[in-house]
Every structure is written in structure tokens, then in C-alpha cells.
Amino acid sequence: MIDYLIVGSGLGGIAFAEWALQNGKTIHVFENKSQNSSVIAGGLYNPVILKRFSEVWKSQEQIDLALPFYRALEQKLLCVLDYKIPIYRKLFSVEEQNNWCVASDNPSLKPFLNSSILYKKYNGINAPFGYGKVLQSGYVDTSVLVNSYHSYLKSFKLLFEETFDYSQLEFSNDFVTYKSQNYKHVLFAEGFGLHANPFFSQLPLDGTKGELLLIKCPNLNLDVIIKSSVFILPLGNDVYKVGATYNWQDKSAKPTEQGKQELLTNLKSVLNLDFEIVAHLAGVRPTVKDRRPLVGSHPKFNRLHVLNGLGTRGVMLAPYVAKALFESIENETPLDVNLDIRRFKKLKWD
């Protein structure tokens, strides 16, 4: 009997698979590549909400767990994933400068915000009010992570590249059967694809479409991530990732001319240099209105579990919530009420 059948292998599915393997559990992973938000994501880990200079929920706990997690994956997969690089938030007024200084003096934010206003010059970027520097920040190359982890799973014949057929699930007291194979537990980590899942589709998962550009800008020479109306993230070789848009109506993963123009308008308000568009990408983020993930076990089918709704901060959240769910299943450790799907008390379950 296999311990876990994991449906979906984006950031959440990978994180859960890895916690399971690290704890000696056996897994099978199903992936049909219908969702691409993890692959094209900006991959930033940022412990601060930079619109209003406030702390991300449990940010230090997430960072303290995530960074060693990705470091261990780098060693396991023999690749570079984690790029520790500060975020420079462009400031727009004396008022924002003052707000930054007040926030950096807040005990909960002190570990994350440099208290000084920085006036470093970057070619093509005009910042008369300077920058606020975010500490403990960086990005994970999510494309390398997903592709490398899939290759690892394939090498052990643990990855099944096919669409999961929910109708093939059969339930017994001690296990769940899928196509003649018995599993102790089934985990769904399908991203926006959760809407097609008959067991968890009633959860209030929304989809927020995001579009990004890859540009080549030889004269920019950035060594930090600039955060303004867009983020500009250096990838090396004069290539930069620029993002992102937020569209709550369009649920397709196709790049749009509207999204492209929005990105270009915002980018040109920050950057006064010639550049070339290398690629235009789009994906649908799995988001939740209360900005908390969807984690937990089905109230009627207790061997079915869900890990979803990681939204825009999947790199930070995935190791944290995957570990919490794994410990909930294996050790009956209570889930944080902010994560647990039981917080939606009015839902009717089939």
C-alpha cells in the first residue's frame, strides 16, 4: 500500500511530497500540467506587504522554515533555487519616507526593514525620494524547482503524467483505491484546477490572473529587486522579470494585449531605458478572499485532503502549510484556524 496519492505538483504539491518523503512515506504524484501558475510565478519571498508597510501573517515562521527547505532541495536536486537578493521599495514622497521610518521602528517589522532611506543610483530609474530596503527577501526559481522535481520523481517512477479521474476513487475504512492501487491518503494540490474537483469544489477558491514580461535591458545593471508599480527582478545576462498584473475576471492562462500594455505602461513609469520583450507569460493564481490558504481534510471522507489557495506568496507559504497538513494527518496536530477549511462553517459537504 502507498501512503499518499498527491494530485498536482506545483509549489504546494512539491512541498507536501517532500515532507512525506523526508518522513519515510511512500508517494505517487499525478500531474497533467493544466495549471502553470507555479512555473511562471515571480517566485519572490517577501515578508512585508509593501503597499502599506505591514507584516505578512506569520512571516518569520514561514521564512525560517522555507529557506532551509529550499536549501535542502538544492542539495537533493543539484540545482540553484534560492537567490537571496534585497527588495528595494521605491518611495514616492516625504510622507512615504516617514511611514517607512515609523514601520521600521515597529518591533514586528524591525527584522525585515532597513531603517535608513537609501539613495543608490540605478541607471534609467529616477528615485528622488530614495528606496526602503527589505531584508530577508529574495526569490526562488520556481520553473527550475518544478522541472527539476518532476525529473526527480520520474527517475523513481513516482510521477504519473495524466489527468486524474475522480470517478475512479473507491473508499474503504482503511484506505482509498485508485485504479487498483491502494493508498492510505489522497491529497489534492491542484491550484485553480480545484474547481473541477467534486470533493472540494465548494471551497471559496478564486482565481486571480497574473501576467508577466521577460525583458532584455543591457544598460540597467540591477543588483536588487525594484518594487514600484511593477517589480523588476534581475535574472542575469541582462534579462529581467517584470510583473505583475491582477485580473479577477479573466480565468484563462493566455497572455493578453491588455495585460501586456498594462505592464509596459507601469514599467515605463519606472524605467527610462530601451528594452526588448523576450517573453510574455500568464497564469491563474489560486487565491482566497480572506487571503489564507485552504488546508485540511474532507469532513465526510477523512482520507481526502486539500492544500490550495497559496495565492501570491506560494514560495513562502508552501513549505509551512504542507508541513502543518502533514503533521495534522500523521500526528493529529491541530491546524491553525486561519488555515483550516473548517473555518468556512456554512459550506454544505456532499
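The preceding data block contains the structure.
From a predicted model like this one, the values you see are computed outputs, not experimental measurements.

Let us look at the side chain of S9. Looking at the element boundaries, S9 is found in the loop between strand 1 (2-7) and helix 1 (11-22). Looking at S9, the relative accessible area reads 2%, which means it is buried. A polar contact is formed between the side chain of S9 and the side chain of H150, at a distance of 2.6 Å. Ignoring sequence-local partners within four residues, the contact set of S9 consists of I14, V29, E31, V146, H150 and A189.

Turning next to the packing of aromatic side chains. Within the structure shown, the criterion is met by 26 aromatic pairs. Here Y149 and Y152 contribute two aromatic rings whose centre-to-centre distance is 5.6 Å and whose plane-to-plane angle is 45°, an arrangement assigned as tilted. Remark: Y152 and Y149 occur in helix 5 (residues 142-155); sequence separation between them is three residues, near one turn of the helix. Each member of the pair, Y149 as well as Y152, is classed as buried.

The next point concerns the packing of helix 3 (residues 59-77) against helix 7 (residues 314-331). Between helix 3 and helix 7, the shortest axis-to-axis distance is 8 Å and the interhelical angle comes to 90°. Judged by the inter-axis angle, helix 3 sits roughly perpendicular to helix 7. Side by side, helix 3 and helix 7 meet where S59, E61, Q62, I63, L65, A66, F69 and Y70 of the first sit next to G314, V315, M316, L317, P319, Y320 and K323 of the second. When its residues are assigned to classes, the contact of helix 3 with helix 7 shows 10 nonpolar, three polar and two charged.

This next bit is on the pairing of strand 7 (residues 87-90). The alternating pattern of strand 7 places I87 and R89 on one face and Y88 and K90 on the opposite face, and all of these are buried. One ladder, built from four bridges, connects strand 7 with strand 9 (residues 131-134); its direction is antiparallel. Residue pairing in the sheet places K90 in a bridge with Y131 of strand 9. Bridging between strand 7 and strand 16 (residues 225-227) involves three bridges; their strand directions are parallel. Bridging from a neighbouring strand, I87 pairs with I225 of strand 16.

Given a rise of 1.5 Å per residue, 12 residues ought to cover 16 Å, and the 16 Å separating the end C-alpha atoms of helix 1 matches this to within 8%. With 10 of 12 residues buried, helix 1 is to be regarded as a mostly interior element. Those residues of helix 1 that sit buried are L11, G12, G13, I14, A15, F16, A17, E18, W19 and A20. A positive backbone phi angle near 75° is found at G24, which sits one or two residues after helix 1.

Attention shifts here to helix 4 (residues 94-104). Within helix 4, burial applies to E96, Q97, W100, A103 and S104. Along helix 4, the residues classed as buried sweep out an arc of 130° about the axis, all on the same side. Residues of helix 4 that are exposed and point more than 90 degrees away from the buried face comprise E95 and V102. Looking at the packing, one finds that the buried side of helix 4 touches strand 7, strand 8 (113-118) and strand 9.

For the rest of this paragraph, the subject is the sheet that holds strand 10 (residues 138-140). In spatial order, the strands read 3-10-6; together these three strands make up an open sheet with antiparallel pairing. Bordering the open sheet on either side are strand 3 (44-45) and strand 6 (82-84), each of which pairs with just one other strand. Relative to strand 10, strand 6 is paired through three bridges, and the arrangement is antiparallel. Residue pairing for strand 10: K84 is matched across the bridge by G138. Taken strand by strand, helix 3 contacts strand 3, strand 6 and strand 10, and its axis lies near 125° from that of strand 6.

Moving on, we get to the environment of S115. With respect to the helices and strands, S115 occurs in strand 8. Through-space distance from the C-alpha of S115 to that of V134 is 9.6 Å; in sequence the pair is 19 residues apart.

Turning to the side chain of K90, a few remarks are in order. Mapped onto the elements, K90 comes out in strand 7. For the buried residue K90, which engages in no salt bridge, the nearest side chain bearing the opposite charge is E96, 9.3 Å off. Here the side chain of K90 touches N126 through a polar contact of 2.9 Å, landing on its backbone oxygen. Residues in contact with K90, not counting those within four places in the same chain, are E96, N126, A127, G130, Y131, K227, S228 and S269.

Cut-offs applied
- Residues numbered from 1 in each chain as written.
- Predicted model: local features only at pLDDT ≥ 70, side-chain atom pairs only at ≥ 80, totals over all residues.
- Heavy atoms only, no water.
- Helix = DSSP H or I, 4+ residues; strand = E, 2+ residues; numbered from the N terminus.
- Buried < 20%, exposed > 50% of the residue type's maximum accessible area, 1.4 Å probe, protein only.
- Polar contact = N/O pair within 3.5 Å; in protein donor to acceptor, adjacent residues only side chain to side chain.
- Contact = heavy atoms within 4.5 Å.
- Phe/Tyr/Trp six-rings, centres within 6.5 Å; stacked < 30°, edge-to-face > 60°.
- Axes fitted to C-alpha atoms, helices over the stretch in contact; angles between N-to-C directions.
- Parallel < 35°, antiparallel > 145°, perpendicular 65-115°, else oblique.
- Nonpolar A, V, L, I, M, F, W, Y, C, P; charged D, E, K, R; others polar.
- Pairing = 2+ DSSP bridges.
- Expected span 1.5 Å × (residues − 1).
- Arc of directions from axis to C-beta.
- Lys, Arg positive; Asp, Glu negative; His and termini not counted.
- Salt bridge = Lys/Arg side-chain N within 4 Å of Asp/Glu carboxyl O.

Read these as spatial facts, not as claims about activity.
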